[in-house]
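# Breakdown of the fold
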Amino acid sequence: MANIVLKDVRKNYGATEVIKGISLDIADGEMLVLVGPSGCGKSTLLRMIAGLEGITAGTISIGDRIVNDLEPSERDIAMVFQNYALYPHMTVRQNLAYGLKNRKTPTEEIDRRITGAAKALEIEPFLDRKPRQLSGGQRQRVAMGRAIVREPAAFLFDEPLSNLDAKLRVQMRVEIKRLQRSLATTSVYVTHDQMEAMTLADRLVVLNAGRIEQVGTPIELYEKPATTFVATFIGSPSMNLLPMETSKDWSVSDNLVVPAGTATLGVRPEDLSLPEPGTVTNGLQVSVTVLAVELVGAESYVHGSLPDRQPIAFRVPGRSHIGIDDVMTVHADWEKLHFFGDTGQRLG
Amino acid sequence: MHTVAFPNKILPYLLLAPQIVLTIVFFFWPASQALYQSMVRQDPFGLKSSFVGLANFRNVLTDPSYIHALQVTVVFSLLTALVSMGVALLLATAADKVVRGQGFYRTLLIWPYAVAPAVAGMLWLFMFNPAMGTLAYLLRRNGVSWDPLLNGDQAMALVVVAAAWKQISYNFLFFVAGLQAIPKSLIEAASIDGARGNRRFWTIVFPLLAPTTFFLLVVNTVYAFFDTFGIIHSVTGGGPAKATETLVYKVYNDGFVNLNLGSSAAQSVILMIIVIALTAFQFRFVEKRVHYG
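Cut-off values and rules
Residues numbered from 1 in each chain as written. Chains lettered and ligands numbered in written order. Predicted model: local features only at pLDDT ≥ 70, side-chain atom pairs only at ≥ 80, totals over all residues. Heavy atoms only, no water. Helix = DSSP H or I, 4+ residues; strand = E, 2+ residues; numbered from the N terminus. Buried < 20%, exposed > 50% of the residue type's maximum accessible area, 1.4 Å probe, protein only. Contact = heavy atoms within 4.5 Å. pLDDT = per-residue confidence, 0-100. Domains from an automatic or database assignment. Buried area = accessible area lost by both parts, 1.4 Å probe. Salt bridge = Lys/Arg side-chain N within 4 Å of Asp/Glu carboxyl O. Polar contact = N/O pair within 3.5 Å; in protein donor to acceptor, adjacent residues only side chain to side chain. Nonpolar A, V, L, I, M, F, W, Y, C, P; charged D, E, K, R; others polar. Pairing = 2+ DSSP bridges. Axes fitted to C-alpha atoms, helices over the stretch in contact; angles between N-to-C directions. 1 Å grid on protein atoms, 1.4 Å probe; cavity = no way out; pocket = protein on both sides within 12 Å on 5 of 7 lines; lining within 4 Å. Points joined across faces, edges and corners; volume = space filled by probe spheres on them. Core = buried A, V, L, I, M, F, W, Y, C linked by side-chain atoms within 4.5 Å. UniProt positions renumbered as here; feature names shortened; annotations may be inferred. Phe/Tyr/Trp six-rings, centres within 6.5 Å; stacked < 30°, edge-to-face > 60°. Lys NZ or Arg CZ within 6 Å of the ring centre and 35° of its normal. Parallel < 35°, antiparallel > 145°, perpendicular 65-115°, else oblique. Left-handed = near helix turned anticlockwise from the far one by under 90°.

Along the backbone of chain A there are eight helices and 19 strands. By principal-axis analysis of the C-alpha atoms, chain A measures approximately 75 × 45 × 35 Å. Counting over 348 residues, chain A shows a buried share of 51%. Contacts in chain A between residues far apart in sequence, at least 24 positions, make up 67% of those at least 6 positions apart.

Attention shifts here to the confidence of the model for chain B. Predicted confidence across chain B gives a mean pLDDT of 83, with 96% of residues reaching 70 or more. Listed scores for the predicted complex are pTM 0.79 and ipTM 0.82.

Our focus in this paragraph is the domain arrangement of chain A. All names here are of chain A. Domain assignment breaks chain A into domain 1 (4–233) and domain 2 (248–347). Placing a centre on the C-alpha atoms of domain 1 and another on those of domain 2 gives a separation of 38 Å. If you look at the interface, domain 1 gives nine residues, while domain 2 gives seven residues. Here domain 1 meets domain 2 over a buried area of about 670 Å², counting both sides, of which 49% is carbon and sulfur. Looking only at domain 1, the three residues that lose the most surface to domain 2 are Tyr222, Pro225 and Thr228, adding up to 59% of its buried area. Put simply, domain 1 and domain 2 have zero salt bridges between them. On the surface where domain 1 and domain 2 come into contact, there are five residue pairs in polar contact (both at pLDDT 80 or more). Elements with a minimum of two residues in the side of domain 1 that touches domain 2: helix 7 (218–223) and helix 8 (228–233). Per element, the largest residue contribution to the side of domain 1 that touches domain 2 is three residues, and it comes from helix 7. Partitioning the side of domain 1 that touches domain 2 into residue classes produces five nonpolar, two polar and two charged.

Hydrogen bonds along the backbone pair up the strands of a sheet, which may run parallel or antiparallel. All names here are of chain A. A sheet is described by the order of its strands in space; here six strands give the open sequence 6-7-8-3-9-10, paired in mixed fashion. Both outer strands of the open sheet, strand 6 (77–80) and strand 10 (211–216), are each paired with one neighbouring strand and no more. Mean inter-strand twist for the sheet, computed between neighbouring axes without regard to direction, equals 15 degrees. Summarising the sheet, strand 3 (residues 31–35) and strand 8 (residues 186–191) pair through five bridges and their orientation is parallel. If you follow Val35 over to strand 8, its bridge partner there is Thr191. Strands in contact with helix 4 (residues 136–149) are strand 6 and strand 7 (154–158); relative to strand 6, the strand with the most contacts, it is inclined by about 175 degrees.

This brings us to the layout of surface pockets. A probe as big as a water molecule, rolled over the atoms, marks out the empty space that is left. All names here are of chain B. By volume, the largest pocket is sized at about 870 Å³. Forming the boundary of the largest pocket are 24 residues, of which Asp96, Lys97, Ile187, Arg200 and Val205 lie nearest the centre. Within this model, the second largest pocket holds a volume of roughly 610 Å³. Considering the residues around the second largest pocket, the lining is formed by 22 residues, among which Pro30, Ala31, Ala34, Val251 and Ser268 are closest to the centre. At the level of elements, helix 1 (11–37), helix 12 (247–257) and helix 13 (261–286) are the ones that each hand at least two residues to the lining of the second largest pocket. By residue number, the principal contributor to the lining of the second largest pocket is helix 13, which donates nine residues. Across the lining of the second largest pocket, the residue classes tally to 17 nonpolar, five polar and no charged.

Any region with low pLDDT has predicted coordinates that should not be read closely. A residue-level look at chain A finds 100% of positions with pLDDT of 70 or above and a mean pLDDT of 89. Taken element by element, the predicted model of chain A shows its lowest mean pLDDT in strand 12 (residues 250–252) of chain A (77) and its highest in strand 3 of chain A (94).

Let us look at the nonpolar core. Residues A:Leu6 and A:Leu34 are the most contacted members of the largest nonpolar core, which totals 58 residues. If one sorts the elements of this core by residue count, helix 7 (residues 152–181) of chain B sits on top with six residues. Filtering out sequence-adjacent residues up to four positions away, A:Leu6 remains in contact with A:Ile22, A:Ser23, A:Leu24, A:Leu45, A:Ile49, A:Thr59 and A:Ile60. Counting 43 residues, the second-largest nonpolar core is a separate cluster that includes A:Ile114, A:Phe126, A:Leu134 and A:Ile176.

All names here are of chain B. The UniProt entry lists residues 12–31, 66–92, 104–127, 155–180, 201–226 and 265–286 under the feature "transmembrane region" (unreviewed entry), expressed in the numbering used here. Between the end C-alpha atoms of residues 104–127 there is a gap of 26 Å, over a span that is 75% helix and 0% strand. Between the C-alpha atoms that bound residues 201–226 the distance is 32 Å, and the span itself is 96% helix and 0% strand.

What follows is about the interface of chain A and chain B. Each partner contributes to the interface: chain A provides 26 residues, whereas chain B provides 20 residues. Taken together, both faces of the contact between chain A and chain B bury some 1,900 Å²; the carbon and sulfur share is 56%. On the chain A side of the contact with chain B, A:Tyr87, A:His89 and A:Tyr98 bury the most area, a combined 27% of that side's loss. At the boundary of chain A with chain B, the tally comes to three salt bridges. Taking the shortest distance from any N to any O, the salt bridge between A:Arg150 and B:Asp193 comes out at 3.5 Å.

This paragraph deals with the sheet that holds strand 11 (residues 240–243) of chain A. All names here are of chain A. On the basis of which strands lie adjacent, the open sheet formed by four strands has the order 11-13-18-19 and antiparallel pairing. Whereas interior strands pair on both sides, the edge strands pair on one side only; in this sheet they are strand 11 and strand 19 (346–347). With two bridges connecting them, strand 18 (residues 338–340) and strand 19 associate as antiparallel partners. Each bridged residue has a counterpart across the sheet, and for Phe340 the counterpart in strand 19 is Arg346.

Under the definition given, this model contains 18 aromatic pairs over all chains. Taken together, a centroid distance of 5.0 Å and an interplanar angle of 50 degrees make the contact between B:Tyr170 and B:Phe174 tilted. With a gap of four residues between them, B:Tyr170 and B:Phe174 both fall in helix 7, about one helical turn apart. Judged by relative accessible area, B:Phe174 falls into the partly exposed class, the value being 30%. On the basis of an interplanar angle of 85 degrees and a centroid distance of 4.9 Å, the ring pair of B:Phe201 and B:Trp202 is categorised as edge-to-face. Here A:Arg146 stacks its cationic end above the ring of A:Tyr87, 4.8 Å away from the centre of that ring.

With that out of the way, let us pick up the packing of helix 2 (residues 92–102) of chain A against helix 9 (residues 197–208) of chain B. Contact geometry of helix 2 of chain A with helix 9 of chain B gives a least axis separation of 13 Å together with a crossing angle of 165 degrees. In terms of their interaxial angle, helix 2 of chain A and helix 9 of chain B are classed as roughly antiparallel. The chirality of how helix 2 of chain A crosses helix 9 of chain B is right-handed. Contacts between helix 2 of chain A and helix 9 of chain B pair A:Tyr98, A:Lys101 and A:Asn102 from the former with B:Arg199, B:Arg200, B:Thr203 and B:Ile204 from the latter.

With that settled, the discussion passes to the UniProt feature "domain: ABC transmembrane type-1" (unreviewed entry) in chain B. The sites that UniProt annotates as "domain: ABC transmembrane type-1" (unreviewed entry) are residues 70–282 of chain B. In the segment residues 70–282 of chain B, helix accounts for 78% and strand for 0%; the C-alpha atoms at its two ends are 19 Å apart.

As structure tokens, then:
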């Protein structure tokens, strides 16, 4: 049990700075998710917390200890790797016991913890098998088990679900969340999958090019993205961004005041809809030429373009009868609109 | 597997022919000659020979000097394999840790493999020759009564070192490749699990190198049995008092020096059986303990 504090943490590889000053306060028992595109530095940051990468500047503390110069084993953390990193020559039981044996934990205590973890993760039948005899999902559970038996101050997850198929991923996501809740161990979780990030996180950190774009609860990030980067990264399909230069192709109702300095107007596909006949639009109104319709089950996404070819997407419930090349008007209420300034920052 | 269909029936045989001809001329034909010779006794002048059945084998196997050569071979092979693999592993783990100039170190460490066995033997002979060797001089100055020409154990040590030295490069190459094949995340997981230095090496790295080690064990044993003739011939000539006479060397000595072709052929047949049995044994029992990724 411990909080993790990062103070202006930086990382250079030669002259290139990959982590450009990150400060974070991760509360005890919190599940913090680091999310961002490939190469944004999220894995590097996690590995710096773990002690697998050096820290160029700044401090990282776990609990009350500054861990900058401590070995990974001395930081009291456990890590779950993307490729599981199970020791192939050991049985599942030996894999779980290895870290404890190295710490000279008494045998009865090791047995007790393995039994507990195996029960929680439902891997009891596989304890005497080798990793290669297990399926991907089972290996994933063993990797989790190896972290749990250590009873560390913090769990670090490095894209642990990206090698699983879609169905299993959802299932394990739920399980990780449940386990983390019940153990109440501080966790840092790295993923590039925004769905995973949204569902797992107590708080979410969006990283871009080595900097924090925004920190907040998933719903805060969804409802009030601080930048156009966050706006397009969180939510699927991503938010439509309409540059003000294209404003001749759309209209806003007279009572709506666009904040001064607005360069881009954002609206989520799920907030755009076909107006009911006879309603008066109180917000944004756009004329769209349909390019493609994606039916995803309960709803469909329509991809189209404005007259000047600016792409735009919107959601319609159920199966639609919209055809390619149809031209239609869609609208969004004014409180659903997001305004961004010329550097991409949120206005109002 | 992908099967290739040749349009022409003869072409595949033509393509294989060079290899098959080589195998027949340089392997099957001599081997069959050895089998035939091993059951024949020649008169001292080589004018006529008579079929004697298994008499040559009986003579060889009851000959105390043959049993002695067998013991020498076992000691020599074990020591050579152990020294060459041990040193190679040590060098490979060290080279794996080098950050700068890794290619340079590796190239230098691989060079000795290109040296011919006889030349390698001469190198060591010169260095440790009691009369003129630089290192022999150093040894004697430091109180070691170094004389491999008279002392059998020292002669054995010299040929083992010379034979192992040549093989270190080869083993080094495989160990380096083996070390690189170990996923980095496993080492990281081990370091988070609190295993460092020696403990990490023996509990994680070494078990994961097992396939490489096993392969090298087979190769090195076969090397020590067969390919070390040149080194022994140039360094000790099997002496002193046959202290370094291995089975292969005895085959040569009895056949080409003492001109007892029947006995020599019988010995080479036995040697062939020993190596087949040894390799089969290694695959049957040692390989069971090997874990392939």
